[in-house]
Amino acid sequence: MNLPGIDLNMDAAALGQLLPYAAWVKDIHLRYRWVNRHWADMLDLPVRQIIGRSDAECMPPWLAEPMGRADCTTLARGEPYGNEVMVQLQDGRQRLWRMQRQAVLDTEGNLDGVAGFVIDATDDWRARRELKKLTLQSSGWWQSLKSHALVATLTPQGRYSYVSEHFCRLVGCPASGLLGENHATLGWIAVGVDFHHVLAMASQGNPVRFEFAGTRSNGQRFWAQSLVISLGTPVGDEPQFFEIVSDLGEVREVTQKLSAANAQLTAALNENVELIARLDHLARTDPLTHLLNRRSFLERAAQEQARSARLQQPLSVLALDIDHFKQVNDAFGHAAGDQVLERLAEVCRETCRIIDIVARMGGEEFSILLPGTGPEQAQVLAERLRLALAQQTVVLPDQQRISFTISIGVTGWGAHELLQPVLERADQALYQAKSGGRNRVISL
Ligand SMILES: Nc1nc2c(ncn2[C@@H]2O[C@H](COP(=O)(O)OP(=O)(O)OP(=O)(O)O)[C@@H](O)[C@H]2O)c(=O)[nH]1
C-alpha cells in the first residue's frame, strides 16, 4: 500500500526529512550524524554545516550547554528523556522548544548515539500560561482570597503586578499607584529585614513572614504583616511571588491600649506602694521627732534580742526622760516643749551609732536599744548623751532660750531575758535617777 506522498522504498534519512518537526541523530561523541531540514532551519544553518559538528559549533553556548546536558542525561539513563528549553531568536522573539531524546543502540545493543526531535511549543506554552492564569484567577480559592484578603503578586524585583482591592484599602493607595512599584519605592519599612532578602529567601522556596509599616496617602500610618511565597518560575517566564498581607493596625491599636492601661496600672500600683510605704512609715514613727514609736521599738527590740543571743553579743537598754518637762511647757508653751523634744531626738540620733535603735515611747519618755553594747559601755554612752543634752539651748522665735536636762536609766539585757522585765528594770533605774536629783545616769 502506498501512502500519499510517501515512497516506502526511500531510506530512513530521506524519510526523516518528511517529519513535520525538527529531528536529528548524534553519534556517541555527540556530533551530528544526521539532521532534517527543520532542525537546520531552526539553527539557521545549512545541513552540511551541521553534520559532523557538535552543538558547541552550531549554536550559542547558552543553548549548546543545556542541549549537551540533556544528551548526556539521555545516554546515562538509556531511556527516552524529554525537556524544554526557552530560546531567544536573533530577532529577539522567545520560543519554547520541547525536545524528546532517545539513546541509539548499535546492532549489538551498545550505545551508539542520541536521536532527538524538537517541536516548537511556544504557542502551546503561551496557551498553557494563559490557562494557568485563568485557572488561578477563576479558581474558588483565588476568588475568595481576592475578595476577603489582602493579596498581591510581585515580579522578581518585588514590583506589584496585581493588587487586590482590600490590599489597596489597607495601604491607602489605589491600584494605579501600586502597580509597578515595590516596597522600597513606596517607602514602606520592613521591620528587621531587607525586602530584597525577603525575595531572595522566597525564591529559594522558603515562605518569608515579616512586618512592615507605611504611610497612607492621607498621612495615616499603617502596620501590616506579609507572607511572601514564591509561585515558582514557569519555563521561560520570570519568577513570580505572591504576597498575603494581614492588617496589624487593630493588633497594634489593642497593644497600644493595653500598654497604656498597663502603664496606668503600674503607676497606680507604684502610687499605692508609695502610699503603703508612707503609711507604714507613719505607723512606725513618731510624727514630731521622726523617731521610732513604742510599737515599732518593741518589735525591733524583740528582733535585736534574738539576733544578739544568736551571735552571743551583749545588748543594753537606756530609758530617758526630760527633767521637769511640765515646767518647760508651763513656762514657754506647748510649741516650745515640742521644740525641746525635737532637739532631744536630734542629739540622740547624732550621739548614737546608726545601728542603735532610738524611740520615743510616749510623752517625754525615750528608749534606746544598744546592740553589741554591754551595760558599762552603755553607761558611758548615757553619760555622754546626758552631757550633750545639758549643753543644748533651744532658741524660741521670740529669742527666749531654753536649757534642759535628762535623767537616764541603764540596764543590760541578758541573753535569755524577756523584754518586759528589762524595760521595767531600765524604768526603775530611771526612777532612781529622778529621785536621786535628776540630770544623772543610774545603771541597774
Ligand atoms: N510639748 C509637749 N509636751 C508633752 C508632750 N507629751 C507629753 N508632754 C508633757 O510632758 C509633761 C510631763 O510631765 P511630768 O510627767 O509631770 O514630768 P516632768 O514634768 O518632766 O517631771 P519629771 O519627769 O518628774 O522630771 C506633761 O506636762 C505633758 O503634757 C508633747 O508631745 N509635747
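Residues numbered from 1 in each chain as written. Predicted model: local features only at pLDDT ≥ 70, side-chain atom pairs only at ≥ 80, totals over all residues. Heavy atoms only, no water.

Regarding the packing of helix 13 (residues 334-351) against helix 14 (residues 375-390)
For step 1, the next point in the chain: One can describe the packing of helix 13 onto helix 14 by two numbers: an axis separation of 10 Å at closest approach and a directional angle of 140°. In terms of axis orientation, helix 13 runs oblique to helix 14. In the packing of helix 13 onto helix 14, the handedness of the crossing is right-handed. Contacts between helix 13 and helix 14 involve L344, V347, C348 and T351 from the first element and L381, R384, L385, A388 and L389 from the second. (Axes fitted to C-alpha atoms, helices over the stretch in contact; angles between N-to-C directions. Helix = DSSP H or I, 4+ residues; strand = E, 2+ residues; numbered from the N terminus. Parallel < 35°, antiparallel > 145°, perpendicular 65-115°, else oblique. Left-handed = near helix turned anticlockwise from the far one by under 90°. Contact = heavy atoms within 4.5 Å.)

Some words on the environment of D321
For step 1, the next point in the chain: Looking at where D321 falls in the secondary structure, it is placed in strand 12 (residues 315-322).
For step 2, the next point in the chain: On the basis of relative accessible area, D321 is assigned to the buried category, the value being 8%.
For step 3, the next point in the chain: Residues D321 and I408, spaced 87 residues apart in sequence, show a C-alpha to C-alpha distance of 6.7 Å.
For step 4, the next point in the chain: Ignoring sequence-local partners within four residues, the contact set of D321 consists of E364, E365, T405, I406, S407, L430 and K434.
For step 5, the next point in the chain: A distance of 2.8 Å separates polar atoms of two side chains, one belonging to D321 and the other to K434. (Buried < 20%, exposed > 50% of the residue type's maximum accessible area, 1.4 Å probe, protein only. Polar contact = N/O pair within 3.5 Å; in protein donor to acceptor, adjacent residues only side chain to side chain.)

So, the nonpolar core
For step 1, the next point in the chain: Within the largest apolar cluster, 32 residues are counted, with the highest numbers of intra-cluster contacts made by L318, L320, I368 and I408.
For step 2, the next point in the chain: For this core, the secondary structure elements donating two or more residues are strand 12, helix 12 (325-332), helix 13, strand 14 (365-371), helix 14 and strand 17 (406-412).
For step 3, the next point in the chain: The element contributing the most residues to this core is helix 13, with 7 residues.
For step 4, the next point in the chain: With near-sequence residues (within four places) excluded, L318 lies in contact with F366, S367, I368, L370, A378, L381, A382, I408, G409 and V410.
For step 5, the next point in the chain: Judged by nonpolar contacts, the second largest core, of 25 residues, contains C168, V171, C173 and F241. (Core = buried A, V, L, I, M, F, W, Y, C linked by side-chain atoms within 4.5 Å.)

A word on the environment of A103
For step 1, the next point in the chain: The residue A103 is located in strand 4 (residues 94-105) in this model.
For step 2, the next point in the chain: Distance in space between the C-alpha atoms of A103 and P80 is 7.1 Å, their sequence separation being 23 residues.

Regarding the pairing of strand 10 (residues 221-232)
For step 1, the next point in the chain: Where strand 9 (residues 208-215) and strand 10 come together, 8 bridges link them in antiparallel fashion. Bridge pairing links R209 to L227 in strand 10.
For step 2, the next point in the chain: Counting the residues in the hairpin turn of strand 9 and strand 10 gives 5 residues, including G219, whose phi is positive at 90°.
For step 3, the next point in the chain: Sheet topology note: the strand 10/strand 11 (residues 240-247) ladder contains 8 bridges and is antiparallel. Bridge pairing links V228 to E243 in strand 11. (Pairing = 2+ DSSP bridges.)

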